[in-house]
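Analysis of the macromolecular model
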Amino acid sequence: MAVLDILHYPDERLRQETQPVPEVDEDLRRLIDDMLETMYTASGVGLAAPQVDHYIRMLVMDTSEDRSQPLALVNPEIVAATGEQEGDEGCLSLPGVFEPVVRAAEVTVRFTDREGHAREEVFTDLPARCVQHEVDHLEGKLFLDYLSKLKRNRLRKKMEKDKRLQADPA
Ligand code: NI
């Protein structure tokens, strides 16, 4: 397994369109395992393929306390969403940024799992928030798109400045 590089906002590749996964094969399983390794290393609860420069409809997540329940969702589709929850959200592509976002409290998701089996699962609370956040990534959408324009511009300037400092630490 390998730890992959995570793209950081405002990298335009995070806005790129994604393609459906035609089949679950060995290459895809390797990417799933690498993405899980990358997510755990970065202490995240979810990671979507475009964040590691792969423009396909696939995401991984693990919202368990002890990091023992890895899950891969291939071609996920939210088929039902109910209720409302508000909570702070973060993203591995926006390190250090946490802002409140309103999401559905419960979602029903159809997807194919790592073994290639078609599944339908109901997610609530944090797992529901995580799935909605990661599916957004597959649409080129980031959680800061839900924030006010003022807040978004402020964050963008901060991220661009951090990037410049990283590129040229002097
Ligand atoms: Ni994210």
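Residues numbered from 1 in each chain as written. Predicted model: local features only at pLDDT ≥ 70, side-chain atom pairs only at ≥ 80, totals over all residues. Heavy atoms only, no water.

Okay, the environment of L31 next. With respect to the helices and strands, L31 occurs in helix α1 (residues 26–41). Overall, L31 belongs to the buried group, its relative accessible area being 10%. C-alpha of L31 to C-alpha of L4: the two residues are 27 residues apart in sequence and 9.4 Å apart in space. With near-sequence residues (within four places) excluded, L31 lies in contact with L4, H54, I56 and M58. (Helix = DSSP H or I, 4+ residues; strand = E, 2+ residues; numbered from the N terminus. Buried < 20%, exposed > 50% of the residue type's maximum accessible area, 1.4 Å probe, protein only. Contact = heavy atoms within 4.5 Å.)

Another aspect to go through is α1. For α1, which comprises 16 residues, the first-to-last C-alpha distance of 22 Å matches the rise-based estimate of 22 Å (1.5 Å per residue) to within 8%. Inspection of α1 places L28, R29, L31, I32, D34, M35, L36, T38 and M39 among the buried residues, and these make up the whole buried set. Tucked inside the fold, the buried residues of α1 contact β1 (46–48), β2 (58–61) and β3 (71–82). Of the residues flanking the end of α1, it is S43, one or two places downstream, whose phi is positive at about 60°. (Expected span 1.5 Å × (residues − 1).)

Turning to the coordination of the nickel ion, a few remarks are in order. By definition of the ideal shapes, four donors in a tetrahedron about a metal sit 109.5 degrees apart, and six donors in an octahedron sit 90 or 180 degrees apart. Each protein donor to the nickel ion is listed here as C91 (SG), H133 (NE2) and H137 (NE2); together their distances run 2.1 to 2.2 Å. Within one chain, the residues donating to the nickel ion are spaced in sequence as C-x41-H-x3-H. Pair noted here: H133 and H137 are both in helix α2 (residues 125–138), with a separation of 4 residues, about one helical turn. Residue classification places H137 among the buried positions, given a relative accessible area of 1%. (Donors = N, O, S within 2.8 Å, 3.2 Å for Na, K, Ca; no water.)

Another aspect to go through is the side chain of D113. Structurally, D113 can be placed in the loop between β6 (106–112) and β7 (118–124). By relative accessible area, which is 6% here, D113 ends up buried. Within the structure, D113 has its side chain in polar contact with the backbone nitrogen of H117 (distance 2.9 Å). A distance of 3.2 Å separates a polar atom in the side chain of D113 from a polar atom in the side chain of R119. Once residues within four sequence positions are removed from consideration, D113 is found in contact with V24, A72, V74 and R119. (Polar contact = N/O pair within 3.5 Å; in protein donor to acceptor, adjacent residues only side chain to side chain.)

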